[in-house]
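Structure at a glance
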Amino acid sequence: MDSGGIGDVTQKKTTVNRQEETIAYVRNQQGPTLGYSKASGVSILEQDGFYFKDLNRNGSLDKYEDWRLPAEERAKDLASKMSIEQIAGLMLYSRHQAIPAASGGWFASTYSGKAYEESGANPWDLTDEQIKFLTEDHVRHILVTSVESPETAAQWSNVVQAFAEGTSLGIPANNSSDPRHSSDSSSEFNAGAGGAISMWPEPLGLAATFDPELVRRFGEIAAKEYRALGIATALSPQIDIATDPRWFRFNGTFGEDSRLATDMGGAYIDGFQTSADDAEIANGWGYDSVNAMVKHWPGGGSGEGGRDAHYACGKYAVYPGNNFEEHLKPFTEGAFRLDGPTKMASAVMPYYTISTDRDTVNGENVGNSYNAYLIRDLLRGQYGYDGVVCTDWLITADESGGKDSFLSGKPWGVEELSVAERHYKLLMAGVDQFGGNNEVEPVLEAYRMGVAEHGEAAMRKRFEQSAVRLLTNMFRLGLFENPYLDVEASARVVGHPSYMQAGYEAQLKSIVMLKNKSGVLPLKPGSTVYIPQRYTPPGKDWFGNPTPETLEYPLNLEIAAKYFKVTDHPDEADFALVCMRSPKSGTGFSQEDADNGGNGYVPISLQYRPYTAAQARKQSLAGDVREGGAQNRSYSGKTVTTQNAADLDALLDTVERMKGKPVIVSLMLSTPAVVAEFEPAADGILAHFGVQDQAILDVLTGAAEPSGLLPMQMPAHMETVEAQLEDAAHDMECHADSENHRYDFGFGLNWGGVIQDSRTENYKKNPGE
């Protein structure tokens, strides 16, 4: 029966590729509100006094259309009805999609063959690429990056859902996002999320609160904002334990301690996944829930030499301390054993790395997703995980560019296989989904390979197994009943003042006071401050794009002027505030060194001055066994120059110019840092992990008391960094400052001195432990 004349029906207009159409809503008295596109061909069925969407338009109620049934039962029914082509498309996870699409660069796409600015398109219209992958490739999982505004995101989501609903089985889109609640524009992995969304510390800053309940609350708020943007899956949290201090993804983790990461990760997932009261459908899942895709199994924080596996130079994780099992704990004791009713994270993403010599069954050294022992035997078998396993992005693509190319394909360990063979190997290892793939053909070719080896019945069963996992995650969230958004309501929810306030309070709690010589802090509001400008030399970002030379104030002076008088003349100032960042020295690979006959491998430094790795290993623990590959990746004796050494120069210059007056350092930490080069000269040090300027100023003036604790160790020098084991936590000599404080895990100061409370009692390591 069509919806005409049925019960409570309301309509709302939206724009779909410049064509006016109507979204209609049907409200069940004791069940969900159904939302559907009148142009999709979907009608409403009535049975037993309830209403259902006839998604496949066959005039009868199929199990997958019956919202009274359990999600998995519905998923099994729908999977059985899907063609192999449709299941193959469901296994794809799109490349990054900006809304609207950029005209050039990584996120570029077109509208009717034209760049966005020339097309006359609305910012929420579908791109040519999106229309193709939704129709020809049957893609239903879409990764959203930047959005123009919450309203645009909601409108685009409605357009996508109406388009998807108009296809044969009416399977909705499962839109997703990398973390997008950062307070700091320098965050590398949200790719300019945009939109007026609540702002929180980076995960490392959340960890610095040592407060799982705060993190759970973040998850609840973030989930509501995500759903208001049309986002149903979070590609987070990153629960790798960051046991090597040089890893450039350190700030995306909850630090180096497995217990802290376990508690924080579990709270984060519970917050994201749990719906309550009227929003709950069943077992904690519902209309406020967002699937959490935890990353990165079995842990990516032990890359040799601190290098990262986004780059070919960093493909190997190593375990010199034999601490592999420690890296599993945030998964096995946290993500897979939640306190909340959803019980476990709905999806897992393995990391790019080759977990060197961890495969005790087949002896394979291949990327984690390709490793049948790590996925099928360990994750699924030993630990019983039956959720979705999705690869990291671009692991099936061919390698291109140099060993420090971010945008290269990352088929580590299986470089000699074809793209289709890589898909097949992943399927047989137990993977369900392929990140960053829009094209269905390699998956279909992998299916044909499987049919040739195992028979059609076996491969059909294998495909349906993954389809059920993927569809279950969509049914549990109510996407099949109503994937549509009220644009005005979305604008009210995203960035709601109460959410903004909660995020800001978390920022304040994440700030760690490392030094307060002679009680110089807090400072008197209205006093005069000198803030030196920050010089950044030309270089390139993590994506390889050139970055310009800049000389600019590191804080917003208009905001600073609300707290202090600001001067450019140190002789007029009562104190100075110098803003510094963690030292950055690159990826650990130098093409220049390779061109000059070296192996290309260079140190990653955590100090500002040039560093020569005199005490590095002479022989690397892992190497490329392929002909022409660097089998010894040692960088012993080589020197690297830090890109932001000017931060240290500014501090030392300011100390000289202030002539004994107080100098305060605001230190943004994306990794641990060797602070010995400047700490003795600083009177106060506030460390943070990406917060708004206002938060730093509130702490400086005593409007808020610092309460954060270090979620990692701060090394005394680079020698201890070289001596520590990549897979082991808490194994460095820590910096001891002029006030006889040791910058160890769990250290932080408040106005009364060293913080000792229930958090430090619960988490802090005993000396020598």
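An unreviewed UniProt entry lists the protein chain under the name beta-glucosidase, from Paenibacillus dendritiformis C454. Comment text from UniProt for the protein chain, heading Sequence similarities (unreviewed entry), reads "Belongs to the glycosyl hydrolase 3 family." The annotation that UniProt attaches to the protein chain under Catalytic activity (unreviewed entry) is "Hydrolysis of terminal, non-reducing beta-D-glucosyl residues with release of beta-D-glucose."

Turning to the confidence of the model for the protein chain, a few remarks are in order. On average, residues of the protein chain carry a pLDDT of 93, and 94% of them reach 70 or more. For residues 1–20, every residue scores under 50 in pLDDT, and the model assigns this stretch 61 contacts once sequence neighbours within four places are set aside. Every residue in residues 184–195 scores below 50 in pLDDT, and together they form 27 contacts with partners more than four places removed in sequence or on other chains.

Further remarks concern the environment of Ala101. Take Ala101: it is sitting in the loop between β6 (92–99) and α3 (116–119). C-alpha separation for the pair Ala101 and Thr342, spaced 241 residues apart in sequence, amounts to 35 Å. Residues in contact with Ala101, not counting those within four places in the same chain, are Phe107, Ser109, Tyr111, Tyr116 and Thr127.

The next point concerns helix α15 (residues 497–510). Taking 1.5 Å as the rise per residue, α15 with 14 residues should run 20 Å; its terminal C-alpha atoms sit 20 Å apart, in good agreement. Those residues of α15 hidden inside the fold are in contact with α6 (203–208), α7 (212–228), α14 (487–493), β18 (512–516), β29 (684–688) and α19 (693–700).

Applying the stated rule across the entire model yields 38 salt bridges. Note that Lys425 and Glu364 form a salt bridge whose closest N and O atoms lie 2.9 Å from each other. Separated by 61 residues along the polypeptide, Lys425 in helix α11 (residues 419–429) and Glu364 in the loop between β15 (354–355) and α10 (372–382) bring together distant segments of the chain. Given the relative accessible area of 23%, Glu364 is considered partly exposed.

Let us look at the packing of aromatic side chains. Pairs of aromatic rings are described using the distance from one ring centre to the other and the angle between the two planes. Throughout the structure, instances matching the rule amount to 29 aromatic pairs. With 6.0 Å between their ring centres and 75° between their planes, Trp247 and Tyr351 make a pair best called edge-to-face. Taken as a pair, Trp247 in the loop between β9 (231–234) and α8 (258–273) and Tyr351 in the loop between β14 (347–350) and β15 lie far apart in primary sequence, 104 residues in all. Trp247 gets classed as buried once you look at its relative accessible area, which sits at 1%. Measuring from ring centre to ring centre gives 4.8 Å for Phe336 and Tyr385, while their planes differ by 25°; the resulting arrangement is stacked. Linking Phe336 in the loop between α9 (324–335) and β14 with Tyr385 in the loop between α10 and β16 (388–389), this pair joins segments that are 49 residues apart in sequence.

In terms of nonpolar packing, the biggest core is built from 196 residues, with Trp297, Phe463, Leu471, Leu667, Phe678 and Met714 touching the most fellow members. Each of domain 1 (216–439) and domain 2 (497–583 + 644–763) gives at least three residues to this core. By size, the runner-up hydrophobic cluster in this structure holds 10 residues, among which are Ala616, Tyr635, Val674 and Met732.

Moving on, we get to unusual backbone geometry. Looking along the chain, the bond that leaves Trp297 and enters Pro298 is cis, with omega of -5°. Counting through the fold element by element, Pro298 comes out in the loop between β12 (291–297) and β13 (316–317). A cis amide bond, omega 5°, links Leu521 with the succeeding residue Pro522. Its place among the elements puts Pro522 in the loop between β18 and β19 (528–530). Positive phi is not limited to glycine here, since Arg57 has a value of about 60°. Take Arg57: it is sitting in the loop between β5 (50–54) and α1 (71–81). Residue classification places Arg57 among the partly exposed residues on the basis of a relative accessible area of 29%. Even without a glycine there, the phi angle at Asn283 is positive, about 55°.

Moving on to the sheet that holds strand β8 (residues 174–177). Across the sheet, which stays open at both edges, the eight strands sit in the order β16-β14-β12-β9-β8-β7-β6-β17 with parallel pairing between neighbours. Two strands close off the open sheet at either side, each with one partner strand: β16 and β17 (434–435). Bridge analysis of β9 against β12 gives two bridges, and the strand direction is parallel. Each bridged residue has a counterpart across the sheet, and for Ala234 the counterpart in β12 is Ala292.

Two numbers describe how α1 lies on helix α13 (residues 456–475): the axes approach to 8 Å, and their chain directions differ by 135°. Accordingly, the angle class assigned to the pair α1 and α13 is oblique. You can see that α1 and α13 cross each other, and the crossing is right-handed. Here α1 contributes Ala71, Glu72, Arg74, Ala75, Lys76, Leu78, Ala79, Ser80 and Lys81 to the contact with α13, which in turn contributes Arg460, Glu464, Ala467, Val468, Leu471, Thr472 and Phe475.

With domains assigned, the protein chain is organised as domain 1 (216–439), domain 2 (497–583 + 644–763) and domain 3 (589–642). A separation of 30 Å is found between the C-alpha centroids of domain 2 and domain 3. Between domain 2 and domain 3, the residue contacts involve 23 residues of the former and 13 residues of the latter. Carbon and sulfur atoms make up 54% of the surface buried where domain 2 meets domain 3, a total of about 1500 Å² over both sides. Broken down residue by residue, the surface that domain 2 buries against domain 3 is led by Pro583, Met718 and Glu722, which jointly contribute 40%. Along the contact surface separating domain 2 from domain 3 lie two salt bridges. Arg609 is paired through a salt bridge with Asp649; the nearest N and O atoms lie 2.8 Å apart. Summed over the shared surface of domain 2 and domain 3, the number is nine residue pairs in polar contact (both at pLDDT 80 or more). Elements represented by at least two residues in the side of domain 2 that touches domain 3 include exactly β25 (575–581), α18 (646–658) and α20 (718–723). Looking at the side of domain 2 that touches domain 3 residue by residue, the class counts come to 13 nonpolar, three polar and seven charged.

Procedures and definitions
- Residues numbered from 1 in each chain as written.
- Predicted model: local features only at pLDDT ≥ 70, side-chain atom pairs only at ≥ 80, totals over all residues.
- Heavy atoms only, no water.
- UniProt positions renumbered as here; feature names shortened; annotations may be inferred.
- pLDDT = per-residue confidence, 0-100.
- Contact = heavy atoms within 4.5 Å.
- Helix = DSSP H or I, 4+ residues; strand = E, 2+ residues; numbered from the N terminus.
- Expected span 1.5 Å × (residues − 1).
- Salt bridge = Lys/Arg side-chain N within 4 Å of Asp/Glu carboxyl O.
- Buried < 20%, exposed > 50% of the residue type's maximum accessible area, 1.4 Å probe, protein only.
- Phe/Tyr/Trp six-rings, centres within 6.5 Å; stacked < 30°, edge-to-face > 60°.
- Core = buried A, V, L, I, M, F, W, Y, C linked by side-chain atoms within 4.5 Å.
- Domains from an automatic or database assignment.
- Pairing = 2+ DSSP bridges.
- Axes fitted to C-alpha atoms, helices over the stretch in contact; angles between N-to-C directions.
- Parallel < 35°, antiparallel > 145°, perpendicular 65-115°, else oblique.
- Left-handed = near helix turned anticlockwise from the far one by under 90°.
- Buried area = accessible area lost by both parts, 1.4 Å probe.
- Polar contact = N/O pair within 3.5 Å; in protein donor to acceptor, adjacent residues only side chain to side chain.
- Nonpolar A, V, L, I, M, F, W, Y, C, P; charged D, E, K, R; others polar.

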